[in-house]
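One letter stands for each residue in the lines below.
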Amino acid sequence: NAGVTQTPKFRVLKTGQSMTLLCAQDMNHEYMYWYRQDPGMGLRLIHYSVGEGTTAKGEVPDGYNVSRLKKQNFLLGLESAAPSQTSVYFCASSYATRNTGELFFGEGSRLTVL
Amino acid sequence: GQQVMQIPQYQHVQEGEDFTTYCNSSTTLSNIQWYKQRPGGHPVFLIQLVKSGEVKKQKRLTFQFGEAKKNSSLHITATQTTDVGTYFCAGDTTDSWGKFQFGAGTQVVVTP
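Residues numbered from 1 in each chain as written. Chains lettered and ligands numbered in written order. Predicted model: local features only at pLDDT ≥ 70, side-chain atom pairs only at ≥ 80, totals over all residues. Heavy atoms only, no water.

## Quick look at unusual backbone geometry
Then, number 1: Residue Thr 7 of chain A is joined to Pro 8 of chain A through a cis peptide bond whose omega torsion reads -10°.
Then, number 2: Checked against the element boundaries, Pro 8 of chain A lands in the loop between strand 1 (4-7) and strand 2 (10-13).
Then, number 3: Omega for the peptide link from Ile 7 of chain B to Pro 8 of chain B comes to -5°, which places this bond in the cis form.
Then, number 4: In this fold, Pro 8 of chain B is placed in the loop between strand 1 (4-7) and strand 2 (10-14).
Then, number 5: One non-glycine residue with positive phi stands out, namely Lys 69 of chain B, at about 55°.
Then, number 6: Turning to its location among the elements, Lys 69 of chain B is positioned in the loop between strand 7 (61-65) and strand 8 (71-76).
Then, number 7: At Ala 78 of chain B, a residue that is not glycine, the phi angle is positive and equals roughly 50°.
Then, number 8: A relative accessible area of 34% means that Ala 78 of chain B is categorised as partly exposed. (Helix = DSSP H or I, 4+ residues; strand = E, 2+ residues; numbered from the N terminus. Buried < 20%, exposed > 50% of the residue type's maximum accessible area, 1.4 Å probe, protein only.)

Following this line, the structure appears as structure tokens:
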């Protein structure tokens, strides 16, 4: 099993450019998440999804859009990148049951916006 | 909104010593989870606590969930160099079940 796979792993953008980060999981998980990690601020939830075709906002959704057209994929889009979006982005997925809500994380995508 | 705070932010520990990191929530939690992230790596799940007052042990690690389900702690005994990393707690609430909010983490440095 590949688990949670994120692509690309590294990307450099210029201010105003757009891009999409792809997250794929092969564990048939219902819940999927996008977090960003910045020094000293832990992991902040951007958007999440509780199932195919549904998405919801997290703590820091502004400037990002997401889509969950297929259960195994969760896409994070930046329409017009800003330097403040320079960060490491982590995707995670979960069975999300009351006793086994473990989040499985991808290896991260490092984005730099110049 | 819900806030999850962790203290301390940094912890320098001599190898062999014990230490504790704390997690406090502004709201009552449904579940709390703990994760470890090695430098340059991704967060890896350690444990989930669900019940009020719950205590779980994993070898040298002891996890507690407060009676009011608003705080939690991770205690590590006889610290080893392999314990280096950042430890995060994450909690959800009954209103936002499955929507896990993370604390800022405790970065642990171990001195041989």
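Having put the structure on the table, let's press on.
## Focus: the pattern of salt bridges
Then, number 1: Here the structure, examined in full by the defined rule, presents five salt bridges over all chains.
Then, number 2: A salt bridge links Asp 38 of chain A to Arg 36 of chain A; the nearest nitrogen and oxygen atoms lie 2.9 Å apart. Take Asp 38 of chain A and Arg 36 of chain A: they sit in the same class, and that class is buried.
Then, number 3: Of the charged contacts, one joins Asp 83 of chain B and Arg 60 of chain B as a salt bridge, the two residues approaching to 2.9 Å between their closest N and O atoms. In this pair, Asp 83 of chain B sits in the loop between strand 8 and strand 9 (85-92) while Arg 60 of chain B sits in the loop between strand 6 (55-58) and strand 7, placing the two residues 23 residues apart along the sequence. Each member of the pair Asp 83 of chain B and Arg 60 of chain B is classed as buried.
Then, number 4: Here the residues in one salt-bridge network are Arg 36, Asp 38 and Arg 44 of chain A, joined through shared partners. (Salt bridge = Lys/Arg side-chain N within 4 Å of Asp/Glu carboxyl O.)

## Considering the state of the cysteines
Then, number 1: For the structure on display, the rule yields two disulfides over all chains.
Then, number 2: With a sulfur-sulfur separation of 1.9 Å, Cys 23 of chain A is cross-linked through a disulfide to Cys 91 of chain A. Where Cys 23 of chain A bonds to Cys 91 of chain A through sulfur, the torsion about that S-S bond is close to -75°, and the disulfide is left-handed. Remark: Cys 91 of chain A occurs in strand 9 (residues 87-94) and Cys 23 of chain A occurs in strand 3 (residues 19-25); sequence separation between them is 68 residues. With respect to class, Cys 23 of chain A is no different from Cys 91 of chain A; both count as buried.
Then, number 3: Here Cys 23 of chain B connects covalently by a disulfide to Cys 89 of chain B, the sulfurs 2.0 Å from one another. What sets the handedness of the Cys 23 of chain B and Cys 89 of chain B disulfide is the S-S torsion sign, and at about 75° it is right-handed. Placement of Cys 23 of chain B in strand 3 (residues 19-25) and of Cys 89 of chain B in strand 9 is noted, with a sequence separation of 66 residues between them. With respect to burial, Cys 23 of chain B and Cys 89 of chain B carry one shared label: buried. (Disulfide = S-S within 2.5 Å.)

## Some words on the environment of Cys 23 of chain B
Residue and element names in this part refer to chain B.
Then, number 1: Owing to a relative accessible area of 1%, Cys 23 belongs among the buried residues under this scheme.
Then, number 2: Cys 23 sits 18 residues away from Met 5 along the chain, and the two C-alpha atoms are 5.7 Å apart.
Then, number 3: Setting aside anything within four residues of it in sequence, one finds Cys 23 in contact with Val 4, Met 5, Gln 6, Ile 32, Trp 34, Lys 70, Asn 71, Ser 72 and Cys 89. (Contact = heavy atoms within 4.5 Å.)

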